[in-house]
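Spelled out from the first residue to the last, the chains are:
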Amino acid sequence: MNSGDLATVVATPAAGFNFANWTEGGVAVSPLASYSFTASGNRTLVANFVVAPTKVTIAVTASPS
């Protein structure tokens, strides 16, 4: 890759996780799992993930109705 080229990084979460954001030096740079930028030097990007919420269904009945 050369300086000025378009670079794209893509984060794919494992089962049970959702993508949160890309950070660099602790600063959020993109909320998108697919992040494109113009290459201009070395970068250290971190893909951050969170545990996916669990859906719970509760059925309630009353007796007598």
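Structure: see above.
These lines cover the structure that appears in this document, whether it is placed above or below. Computed from a predicted structure; not experimentally measured.

The rules behind these values
Residues numbered from 1 in each chain as written. Predicted model: local features only at pLDDT ≥ 70, side-chain atom pairs only at ≥ 80, totals over all residues. Heavy atoms only, no water. Helix = DSSP H or I, 4+ residues; strand = E, 2+ residues; numbered from the N terminus. Areas by Shrake-Rupley, 256 points an atom, 1.4 Å probe, with all protein chains shown as cover. Pairing = 2+ DSSP bridges. Axes fitted to C-alpha atoms, helices over the stretch in contact; angles between N-to-C directions.

## Some details on the overall build of the protein chain
In step 1: Helix and strand content of the protein chain: zero helices and five strands.
In step 2: Each helix and strand of the protein chain, placed in order from N terminus to C terminus, yields the pattern β-β-β-β-β.
In step 3: Oriented by its inertia axes, the alpha-carbon framework of the protein chain measures out at about 75 × 20 × 15 Å.
In step 4: Carbon together with sulfur atoms contributes 56% to the accessible area of the protein chain, which is approximately 5100 Å² in total.

## Some words on the sheet that holds strand β2 (residues 17-24)
In step 1: Strand order across the open sheet formed by three strands is β3-β2-β5, with antiparallel pairing between neighbours. Two strands bound the open sheet, and with one partner strand each, they are β3 (27-30) and β5 (46-51). Averaged over all pairs of adjacent strands, the angle between their axes in this sheet comes to 50 degrees, without regard to strand direction.
In step 2: Of the pairings in the sheet, the one linking β2 to β5 comprises six bridges and is antiparallel in character. Considered in β5, the bridge of Phe17 is made with Val51.

## Regarding the pairing of β2
In step 1: One ladder, built from three bridges, connects β2 with β3; its direction is antiparallel. Across the sheet, the residue bridging to Thr23 is Ala28, located in β3.
In step 2: Remark: two residues form the turn of the hairpin made by β2 and β3, two consecutive strands paired antiparallel; Gly25 in that turn has positive phi of roughly 65 degrees.

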